[in-house]
Amino acid sequence: MKELQSYVTAPDGVRLAVFEWGERSAATTVVLVHGYPDTHAVWRPIAEQLAERHHVVAYDVRGAGHSDAPRAVRCYTLATLEADLGAVLRQVSPDRPVHLVGHDWGSIQSWESVTGTALADRIASFTSISGPCLDHVGQWFRSRLRRPNPRALGQLAWQGVHSWYIGYFHLPLLPPLLWRTAMVRAWPALLHAVEGVPHGSGAPTFPTDAVRGLALYRANMIPRLARPRRRPTDIPVQVVLPQKDLYVTPAMAGQAPQPFVGRLWRRPLRAGHWAPLTHETVLAGWIDEFVAHIEGAPAAPDLDRAQVRPDAADRGETAEYAGRLVVVTGAGSGIGRATALAFADAGASVVAADLNPESAARTAQLASLLGAPRTGWYAVDVSDPAAMEEFAKAVRAEHGAPDVVVNNAGIGLGGAFLDTATSDWDAVLGVNLMGVVHGCRLFGAMMKERGQGGHIVNIASAAAYLPSRTLSAYATSKAAVLMLTECLRAELADQGIGVSAVCPGFVNTAIAKATRYVGVSAGEQEQLRGKADRLYRLRNLPPERVADAVLRAVRENRPVVPVAAEARIGRALSRLSPGTLRFVARRDLTPR
């Protein structure tokens, strides 16, 4: 893609180098503003992809690349940078608003225009990556100090740890000296080692860009953070939140603009600070998607889910799973329903799947009542590979790729091994094991392709590690789920996809009444079910306890989570004294 270069003169006489891709006759113009210590070149991979559909513009901000570099710190205030952007817009898109995209300091300075009045009518939308509005940040800090609580103070402290370099950049002599000497060679290698940035991505003007760009911090940081203004905007804003950003925490970048932005979208990305150089295809797709929606196209499912609803502030802090999609199988009752509702209460959109369509629909309805922004329900037999394929395709088309999948669907089977027919094994393994396999395979591939990470939770059982003479088929299916989880966790870790096994004990659900016993008469069957149900009700462990464990498994990325005392004790004995468990397993524990 051919890159055209020209110059524009800012109001104070500074010449800015401007670069363009694509045709000016395109229906939309996208303007990309780079950060520190980069040049327009940081945008080249994204610009070339966007130029297939848009007129794309980037420019070297003052002090960087081929643009002029005034020496005085006062020449780098946000007001001056806003005037620079205005000059660029008048040249590259004089007759129509542009879609603005900023990264790092390019985003910080773009917020000045997005929340101001001078250029508000020239900006159709704004995508912010790793660069919050300084006024919003100042207000965010003040709001947490006015109403301190452990979470708020923890967020402040964590951002303070990430922002150490700001104080360093205000020191005299040392920062410029370090940039000109040791960091000249170390910086590209450091970016490659820590962030995965490809070698050769930096501009040849890097040493001087880094030194001159220090003025951005010295001219703006302290004045704006010390005296923040209220800066609202009606311009649609998409905030990309790199989850591994070493400088801007997702909590601050995602929460700071919420009180001030009327139309806000938040999109987490499993990336570091230099996402434009490591996740260019994902970002180009998101920018294109957002621009198309603002221009009138229907929102794609993932984008629609990312929009922050007006009632988000009514939920207090940003809900833990706001903007996330959770898929739960076996969601029509018991652990599945409790898990779906727990995620809904935490702000997630929920898709409920169950063999019983009425039960699945009821769970989706309850999730909506709890505040889930979007819900869906599907009737599906998890043991049927073709049905699961269709289910996964429908979820992707109608809701987008899920962030969390809970493979919960399961059935019970009791009785002696020699009384268990091949058809019984097929039924138990089809649901309890292959249902989990299908869910992991289909949705795991979806998560990997999307590139934003995710989490898979497989509901196993304490029976996975507690042998029993009367649960050979059921325990085998759950033990297989546990080992599948461990293997898959190792395989998907590099993709940022966590995999957890939750192992409940005796949970008060309907599974006891539905469990089938082999080798007994019909009358004995009902008698055994009734006794098992009374035992589970006597234990009275509610499914909500398991749901809490599922959320904890996702939050903490825990590999195995036993639920209830009997599950935790059994897990410990399986490691410390397996002989004890073998002795107990010889007893016939079938309810009598």
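1. Concerning the sheet that holds strand E6 (residues 123-129)
Next up, step 1: On the basis of which strands lie adjacent, the open sheet formed by eight strands has the order E1-E2-E4-E3-E5-E6-E7-E8 and mixed pairing. One side of each edge strand has no neighbouring strand; the edge strands of this open sheet are strand E1 (4-9) and strand E8 (264-269). Between one strand axis and the next, the sheet turns through 20° on average, direction left out of account.
Next up, step 2: Inspection of the sheet shows strand E2 (residues 15-21) paired to strand E4 (residues 55-59) by four bridges, in the antiparallel sense. If you follow glutamate 20 over to E4, its bridge partner there is valine 57.
Next up, step 3: Its contacts with the sheet put helix H3 (residues 105-114) on strand E3 (29-33), E4, strand E5 (98-103), E6 and strand E7 (237-242), and the angle it makes with E6 is roughly 150°.
Next up, step 4: Seen against the sheet, helix H13 (residues 280-294) touches E3, E5, E6, E7 and E8 and runs at an angle of roughly 165° to E8.

2. Brief notes about the pattern of salt bridges
Next up, step 1: The final tally for this structure, using the stated rule, is 19 salt bridges.
Next up, step 2: Taking the shortest distance from any N to any O, the salt bridge between aspartate 135 and arginine 224 comes out at 3.0 Å. A residue pair is termed long-range when its members are at least 10 positions apart, and aspartate 135 in helix H4 (residues 134-146) and arginine 224 in helix H10 (residues 214-226) qualify at 89 residues.
Next up, step 3: Overall, aspartate 135 belongs to the buried group, its relative accessible area being 0%.
Next up, step 4: For arginine 450, the salt bridge goes to aspartate 403, with nearest N and O atoms at 3.1 Å.

3. Points about the sheet that holds strand E14 (residues 454-459)
Across a sheet, paired strands are connected by hydrogen bonds in the backbone, their directions being either parallel or antiparallel.
Next up, step 1: Within the open sheet, the seven strands sit side by side as E11-E10-E9-E12-E14-E15-E17. Their pairing is parallel. The open sheet has two edge strands, strand E11 (375-379) and strand E17 (560-563), and neither has a second partner. Adjacent strand axes in the sheet meet at a mean angle of 15° when their direction is disregarded.
Next up, step 2: Bridge analysis of strand E12 (residues 404-407) against E14 gives four bridges, and the strand direction is parallel. Bridged to valine 404 within E14 is histidine 455.
Next up, step 3: Where helix H17 (residues 385-398) meets the sheet, its contacts fall on strand E9 (325-329), strand E10 (349-354) and E11, and the angle it forms with E11 comes to roughly 160°.

4. A word on the environment of threonine 420
Next up, step 1: Assignment of secondary structure puts threonine 420 in the loop between strand E13 (413-414) and helix H18 (422-450).
Next up, step 2: On the accessibility criterion, threonine 420 (11% relative accessible area) is buried.
Next up, step 3: Of note is the side chain of threonine 420, whose polar atom sits 2.8 Å from the backbone oxygen of alanine 416.

5. What to know about a nonpolar patch on the surface
Next up, step 1: A cluster of nonpolar residues, Leu171, Leu174 and Leu177, forms a patch on the protein surface that exposes about 270 Å² of accessible area.
Next up, step 2: Along the chain, leucine 174 turns up in helix H7 (residues 174-180).

6. Remarks on the environment of aspartate 424
Next up, step 1: Here aspartate 424 is to be found in helix H18.
Next up, step 2: If sequence neighbours within four positions are ignored, aspartate 424 has contacts with Leu413, Asp419, Arg516 and Val518.

7. Focus: helix H22 (residues 543-556)
Next up, step 1: Taking 1.5 Å of rise per residue, the 14 residues of H22 would be expected to cover 20 Å, and the 20 Å separating its terminal C-alpha atoms lies within 8% of that figure.
Next up, step 2: Three or more residues of H22 are buried, namely Pro543, Val546, Ala547, Ala549, Val550, Leu551, Ala553 and Val554.
Next up, step 3: Residues of H22 that are buried in the fold lie against helix H15 (334-345), E12, E14, strand E15 (497-504) and E17.
Next up, step 4: Phi turns positive one or two residues past the end of H22, at asparagine 557, with a value near 50°.

8. Overview of the domain arrangement of the chain
Next up, step 1: Taken domain by domain, the chain holds domain 1 (4-315) and domain 2 (325-585).
Next up, step 2: Between domain 1 and domain 2, the residue contacts involve twelve residues of the former and 23 residues of the latter.
Next up, step 3: Scanning the region where domain 1 abuts domain 2 turns up three salt bridges.
Next up, step 4: Here aspartate 304 ties to arginine 374 by a salt bridge, and the two come within 2.6 Å at their closest N and O atoms.
Next up, step 5: In this assembly, domain 1 and domain 2 are joined by five residue pairs in polar contact (both at pLDDT 80 or more).
Next up, step 6: Looking at the side of domain 1 that touches domain 2, the elements that each hand over two or more residues are E8, H13 and helix H14 (301-306).
Next up, step 7: The biggest single contributor to the side of domain 1 that touches domain 2 is H14, with four residues.
Next up, step 8: A per-class count over the side of domain 1 that touches domain 2 returns five nonpolar, one polar and six charged.

9. As for the packing of aromatic side chains
Next up, step 1: The full count for this structure, using the stated rule, is 24 aromatic pairs.
Next up, step 2: With centroids separated by 6.2 Å and ring planes inclined at 85°, the aromatic side chains of tyrosine 36 and tryptophan 179 adopt a geometry described as edge-to-face. One end of the pair, tyrosine 36, is in the loop between E3 and helix H1 (44-50); the other, tryptophan 179, is in helix H7, with 143 residues separating them in the sequence.
Next up, step 3: Note on phenylalanine 391 and phenylalanine 443: the rings are 5.7 Å apart at their centroids and 80° apart in plane angle, and the pair reads as edge-to-face.

10. Some details on the nonpolar core
Next up, step 1: In terms of nonpolar packing, the biggest core is built from 91 residues, with Val31, Tyr36, Trp105 and Trp179 touching the most fellow members.
Next up, step 2: Tallying contributions element by element places helix H2 (residues 78-92) first for this core, with seven residues.
Next up, step 3: The residues contacting tyrosine 36, other than those within four sequence positions of it, are Asp104, Trp105, Phe169, Trp179, Asp209, Ala210, Gly213, Leu214, Leu216, Tyr217 and Trp274.
Next up, step 4: Listed in part, the 38 residues of the second largest apolar core include Val382, Met388, Phe391 and Leu482.

11. Here's the deal with helix H5 (residues 150-162)
Next up, step 1: In a regular helix each residue adds 1.5 Å, so 13 residues correspond to 18 Å; H5 covers 18 Å between its end C-alpha atoms and thus fits that length.
Next up, step 2: Within H5 the residues assigned to the buried category are Ala152, Gln155, Leu156, Gln159 and His162. For H5, the angular spread of buried residues about the axis comes to 125°, placing them on one side. When the buried face of H5 is taken as reference, the exposed residues oriented beyond 90 degrees from it are Pro150, Trp158 and Val161.
Next up, step 3: Packed against the buried residues of H5 are H4, helix H6 (164-169) and helix H11 (250-255).
Next up, step 4: Between the side-chain oxygen of the N-cap and the backbone nitrogen of alanine 152 there are 2.7 Å, and the N-cap of H5 in question is asparagine 149.

12. Here's the deal with empty space enclosed by the protein
Next up, step 1: For the structure shown, the criterion picks out four cavities of 30 Å³ or more.
Next up, step 2: The wall of the largest cavity is formed by Arg266, Arg267, Pro268, Trp286, Asp302, Arg305, Ala306, Gly323, Arg324, Asp403, Arg450 and Gln452.
Next up, step 3: Residue assignment for the lining of the largest cavity shows that the elements contributing at least two residues are E8 and H14.
Next up, step 4: Grouping the constituent residues of the lining of the largest cavity by class yields three nonpolar, two polar and seven charged.
Next up, step 5: Viewed by domain, the lining of the largest cavity spans two of them, domain 1 (4-315) and domain 2 (325-585), each represented by three or more residues.

Thresholds applied
Residues numbered from 1 in each chain as written. Predicted model: local features only at pLDDT ≥ 70, side-chain atom pairs only at ≥ 80, totals over all residues. Heavy atoms only, no water. Pairing = 2+ DSSP bridges. Helix = DSSP H or I, 4+ residues; strand = E, 2+ residues; numbered from the N terminus. Axes fitted to C-alpha atoms, helices over the stretch in contact; angles between N-to-C directions. Contact = heavy atoms within 4.5 Å. Salt bridge = Lys/Arg side-chain N within 4 Å of Asp/Glu carboxyl O. Buried < 20%, exposed > 50% of the residue type's maximum accessible area, 1.4 Å probe, protein only. Polar contact = N/O pair within 3.5 Å; in protein donor to acceptor, adjacent residues only side chain to side chain. Patch = residues over 30% accessible without salt bridge, like charges linked within 9 Å, V, L, I, M, F, W, Y side chains within 5 Å. Areas by Shrake-Rupley, 256 points an atom, 1.4 Å probe, with all protein chains shown as cover. Expected span 1.5 Å × (residues − 1). Domains from an automatic or database assignment. Nonpolar A, V, L, I, M, F, W, Y, C, P; charged D, E, K, R; others polar. Phe/Tyr/Trp six-rings, centres within 6.5 Å; stacked < 30°, edge-to-face > 60°. Core = buried A, V, L, I, M, F, W, Y, C linked by side-chain atoms within 4.5 Å. Arc of directions from axis to C-beta. 1 Å grid on protein atoms, 1.4 Å probe; cavity = no way out; pocket = protein on both sides within 12 Å on 5 of 7 lines; lining within 4 Å. Points joined across faces, edges and corners; volume = space filled by probe spheres on them.

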